[in-house]
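# What the coordinates show
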Amino acid sequence: SAVISQKPSRDICQRGTSLTIQCQVDSQVTMMFWYRQQPGQSLTLIATANQGSEATYESGFVIDKFPISRPNLTFSTLTVSNMSPEDSSIYLCSVEGISGANVLTFGAGSRLTVL
Amino acid sequence: SQQGEEDPQALSIQEGENATMNCSYKTSINNLQWYRQNSGRGLVHLILIRSNEREKHSGRLRVTLDTSKKSSSLLITASRAADTASYFCATGRLNSGYALNFGKGTSLLVTP
């Protein structure tokens, strides 16, 4: 099955800084999804990233805060900008269709702590 | 917005016992899925049940779906310590491609 590599796996960041999370898939995929999981909570979809088009953001998430790049069919980045302690979360990238139609395959996640 | 609501929020059982988790959802679905998450890592897909199916099995997992009640249950039989994890149900998002809505999850602890 496909492998999704995410990095960094974890980081501790200072308030006001930005961090870019990378997601690499070992096969070509059309759609990639970025989720946030706040401590003790479920997953919330941030945006859907299709190659060759602008990412589609969910209500409550904006491009200025969470810019996303999707330069090709195997790679995407999510930047968390101007971080505050409220951004401390696990950020997960996922793709659809590798493990079956409508099934998401997830990266291991990036655990960010903002001080 | 989140679609599924699991209960219980937390469940503690001993090895060998069965664990049952329930999920309710709000809107029409094409399928419902269950995922497992170990210690804040990435989620792993367990099983998918389609809206025209009522029950599905995979190894020690048994999933039921009642579309009239908009509910599903996940049964893990003969649990093992390695089953300790959080379990989430997920449903598709209408008009949003293949992104999923996840429930709040059930935290399962299996003690030896």
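Here we summarise the structure given alongside this text.

Conventions used here
- Residues numbered from 1 in each chain as written.
- Chains lettered and ligands numbered in written order.
- Predicted model: local features only at pLDDT ≥ 70, side-chain atom pairs only at ≥ 80, totals over all residues.
- Heavy atoms only, no water.
- Disulfide = S-S within 2.5 Å.
- Helix = DSSP H or I, 4+ residues; strand = E, 2+ residues; numbered from the N terminus.
- Buried < 20%, exposed > 50% of the residue type's maximum accessible area, 1.4 Å probe, protein only.
- Pairing = 2+ DSSP bridges.
- Axes fitted to C-alpha atoms, helices over the stretch in contact; angles between N-to-C directions.
- Salt bridge = Lys/Arg side-chain N within 4 Å of Asp/Glu carboxyl O.

### Points about the state of the cysteines
Note on terminology: a disulfide is the covalent bond linking the sulfur atoms of two cysteines. Under the criterion given, the structure shown has two disulfides over all chains. Between the sulfur of C23 of chain A and that of C93 of chain A lies a disulfide, 2.0 Å long from S to S. Measuring handedness by torsion sign, the sulfur bridge of C23 of chain A and C93 of chain A sits at about 70° and is right-handed. With C23 of chain A in strand β3 (residues 19–25) and C93 of chain A in strand β9 (residues 89–96), this pair connects stretches of sequence that are 70 residues apart. The class of C93 of chain A is buried, set by a relative accessible area of 0%. Residue pairing for C23 of chain B: its cysteine sulfur links by disulfide to C89 of chain B, the two sulfurs lying 2.0 Å apart. Looking down the S-S bond of the C23 of chain B and C89 of chain B bridge, the torsion is 65°, so its handedness is right-handed. On the criterion of sequence distance, the pair formed by C23 of chain B in strand β3 (residues 19–24) and C89 of chain B in strand β9 (residues 85–92) is long-range, its members being 66 residues apart.

### Here we look at the sheet that holds strand β8 (residues 75–80) of chain A
Residue and element names in this part refer to chain A. In space, the four strands of this open sheet follow the order β1-β3-β8-β7, with antiparallel pairing throughout. Where the open sheet ends on each side, the last strands, each with one partner, are β1 (4–7) and β7 (68–72). Each neighbouring strand pair of the sheet contributes to a mean axis angle of 15°, computed without reference to strand direction. By the bridge criterion, four bridges tie β1 to β3 in an arrangement that is antiparallel. What sits directly across from S5, in β3, is Q24.

### Considerations on the pattern of salt bridges
Residue and element names in this part refer to chain B. Overall, the coordinates contain three salt bridges over all chains when judged by the stated rule. One salt bridge connects R62 with E55, and the closest N-O pair in it is separated by 3.1 Å. Since its relative accessible area comes to 29%, R62 is described here as partly exposed. On the basis of relative accessible area, E55 is assigned to the partly exposed category, the value being 40%. For D83, the salt bridge identified is with R60, shortest N-O distance 2.9 Å.

None of this, on its own, says anything about what the molecule does.
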